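Residue-level structure breakdown
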Amino acid sequence: MPKMKTHRGAAKRFRVTGTGKIKRSKAYKGHLLTSKPSKRARGLRKSTLVTEAQYDNVKKLLPYMF
């Protein structure tokens, strides 16, 4: 059976923590930041974890990271 391919777009966007959770960066930080409140822009800098609902979907895209 051939090797499974890693989804390269997903590989650039997600990292796996030591405990096996998936880390991601937040959206809406690309541009148009002047119209967003400073408090919101600061909050967007921080990374967060993938939700339980999306965990299995992301895991399928990254077969060799677990």
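See the structure above.
Computed from a predicted structure; not experimentally measured.

Helix and strand content of the protein chain: three helices and three strands. For the protein chain, the sequential pattern of α-helices and β-strands runs α-β-β-α-β-α. Computed over its C-alpha atoms, the radius of gyration of the protein chain comes to 15 Å, more than 25% above the 11 Å expected for a compact globule of 66 residues. A principal-axis box enclosing the C-alpha atoms of the protein chain has dimensions of 50 × 25 × 20 Å.

What follows deals with the side chain of Lys36. If you trace the backbone, Lys36 turns up in the loop between strand E2 (22–25) and helix H2 (38–45). The charged side chain of Lys36 is buried without a salt bridge, its nearest counter-charge being Glu52 at 28 Å. Here the side chain of Lys36 touches Tyr28 through a polar contact of 2.9 Å, landing on its backbone oxygen. Residues contacting Lys36, with those up to four places away along its chain left out, are Tyr28 and His31.

Moving on: the sheet that holds strand E1 (residues 14–16). As summarised here, the arrangement of the three strands in space is E1-E2-E3, forming an open sheet in which the pairing is antiparallel. One side of each edge strand has no neighbouring strand; the edge strands of this open sheet are E1 and strand E3 (47–49). Within the sheet, the average angular offset between the axes of one strand and its neighbour, ignoring direction, is 35 degrees. Sheet topology note: the E2/E3 ladder contains three bridges and is antiparallel. In the sheet register, Ser25 faces E3, and the bridge partner there is Ser47.

Cut-offs and rules
- Residues numbered from 1 in each chain as written.
- Predicted model: local features only at pLDDT ≥ 70, side-chain atom pairs only at ≥ 80, totals over all residues.
- Heavy atoms only, no water.
- Helix = DSSP H or I, 4+ residues; strand = E, 2+ residues; numbered from the N terminus.
- Rg over C-alpha atoms; globule rule 2.2 N^0.38 Å.
- Buried < 20%, exposed > 50% of the residue type's maximum accessible area, 1.4 Å probe, protein only.
- Lys, Arg positive; Asp, Glu negative; His and termini not counted.
- Salt bridge = Lys/Arg side-chain N within 4 Å of Asp/Glu carboxyl O.
- Polar contact = N/O pair within 3.5 Å; in protein donor to acceptor, adjacent residues only side chain to side chain.
- Contact = heavy atoms within 4.5 Å.
- Pairing = 2+ DSSP bridges.
- Axes fitted to C-alpha atoms, helices over the stretch in contact; angles between N-to-C directions.

Functional significance is not addressed by these values, which are geometric in nature.
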